[in-house]
Amino acid sequence: MHLKSFLLGLFVAGSILLFGCSSFSGQSKVREALLGCWYGEDLQANLERRVGWLIERKQDGTFTVEFRSLGEQHLPIQTEEGYWSLTGNTYTTITDTVAGDKVDASNPQYTDVYEIKSKKGGEMSYYHPGTKQTFTAKKVACDYKAP
């Protein structure tokens, strides 16, 4: 068995276990609130430009996110897919596909761990300690078209 497959299986099994246990702690309501499509914009320091993203978090623990540059110079849209989980206020994504190509999901660069700062109605704010950035996203219809 490949290490990537093993780690991915472990992540999915852990997510299922945590989801099952979370219903006793009220966490399932928080998880349910994160499902669906969310849109946000921010300045990506590594790209030196503003970027908009539309993420869809699904009940089965998978996600699809589409990134597009904002402003005068447009870069191609980039799509990523993978798995997401929620434990307490920690929201984690593991990307396994970028632009349709499989990546090594065991590589730490494809794992992002965020701390949820607030979740009020249709808006959430979450912090990435690695980049020291806070992101804000608003819940939108999944057919939302970014400006």
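The shown structure was predicted, so the numbers you read here are calculated from the model rather than taken from an experiment.

Draft legend 1. Quick peek at the overall build of the protein chain. Scanning the protein chain from N- to C-terminus turns up 2 helices and 9 strands. A total of 147 residues make up the protein chain; the buried ones form 37% of that total. The long-range share in the protein chain, meaning contacts at least 24 apart out of those at least 6 apart in sequence, stands at 36%. Taken as a whole, the protein chain presents about 8,800 Å² of accessible surface, with 57% of it coming from carbon and sulfur.

Draft legend 2. Quick look at the nonpolar core. In terms of nonpolar packing, the biggest core is built from 16 residues, with Trp53, Ile55, Trp84, Tyr91, Ile116, Met124 and Tyr126 touching the most fellow members. For this core, the secondary-structure elements that each account for two or more residues are β2 (49-57), β3 (62-69), β4 (78-87), β7 (111-120), β8 (123-128) and β9 (133-140). Residue contacts for Tyr126: discarding those within four places in its chain leaves Trp53, Arg57, Tyr91, Tyr114, Glu115, Ile116, Lys117, Gln133, Thr134, Phe135 and Ala137. Core analysis: the next-biggest nonpolar cluster, separate from the first, contains 5 residues, Cys37, Tyr39, Leu54 and Leu70 among them.

Draft legend 3. Spatial organisation of the confidence of the model for the protein chain. Residue-level pLDDT values for the protein chain average 83, and 78% of them are 70 or greater. Within the model, the stretch residues 5-24 combines pLDDT values under 50 with 19 contacts to residues more than four positions away or in other chains.

Draft legend 4. Representation of the packing of aromatic side chains. In total, this model carries 8 aromatic pairs according to the counting rule given. With a centroid separation of 5.8 Å and 90° between ring planes, the pair formed by Trp53 and Phe135 is classed as edge-to-face. Note that Trp53 is positioned in strand β2 and Phe135 in strand β9, a separation of 82 residues in sequence. Grouping residues by exposure puts Trp53 and Phe135 together as buried. Arranged with centres 6.3 Å apart and planes meeting at 65°, the rings of Trp84 and Tyr91 form a pair that is edge-to-face. The class of Trp84 is buried, set by a relative accessible area of 1%. Given a relative accessible area of 2%, Tyr91 falls into the buried group. These aromatic residues form a ring-pair network of at least three members: Trp53, Trp84, Tyr91, Tyr114, Tyr126 and Phe135. Positioned over the ring face of Tyr127 is Lys117, at 5.5 Å from the centre of the ring.

Cut-offs and rules
- Residues numbered from 1 in each chain as written.
- Predicted model: local features only at pLDDT ≥ 70, side-chain atom pairs only at ≥ 80, totals over all residues.
- Heavy atoms only, no water.
- Helix = DSSP H or I, 4+ residues; strand = E, 2+ residues; numbered from the N terminus.
- Buried < 20%, exposed > 50% of the residue type's maximum accessible area, 1.4 Å probe, protein only.
- Contact = heavy atoms within 4.5 Å.
- Areas by Shrake-Rupley, 256 points an atom, 1.4 Å probe, with all protein chains shown as cover.
- Core = buried A, V, L, I, M, F, W, Y, C linked by side-chain atoms within 4.5 Å.
- pLDDT = per-residue confidence, 0-100.
- Phe/Tyr/Trp six-rings, centres within 6.5 Å; stacked < 30°, edge-to-face > 60°.
- Lys NZ or Arg CZ within 6 Å of the ring centre and 35° of its normal.

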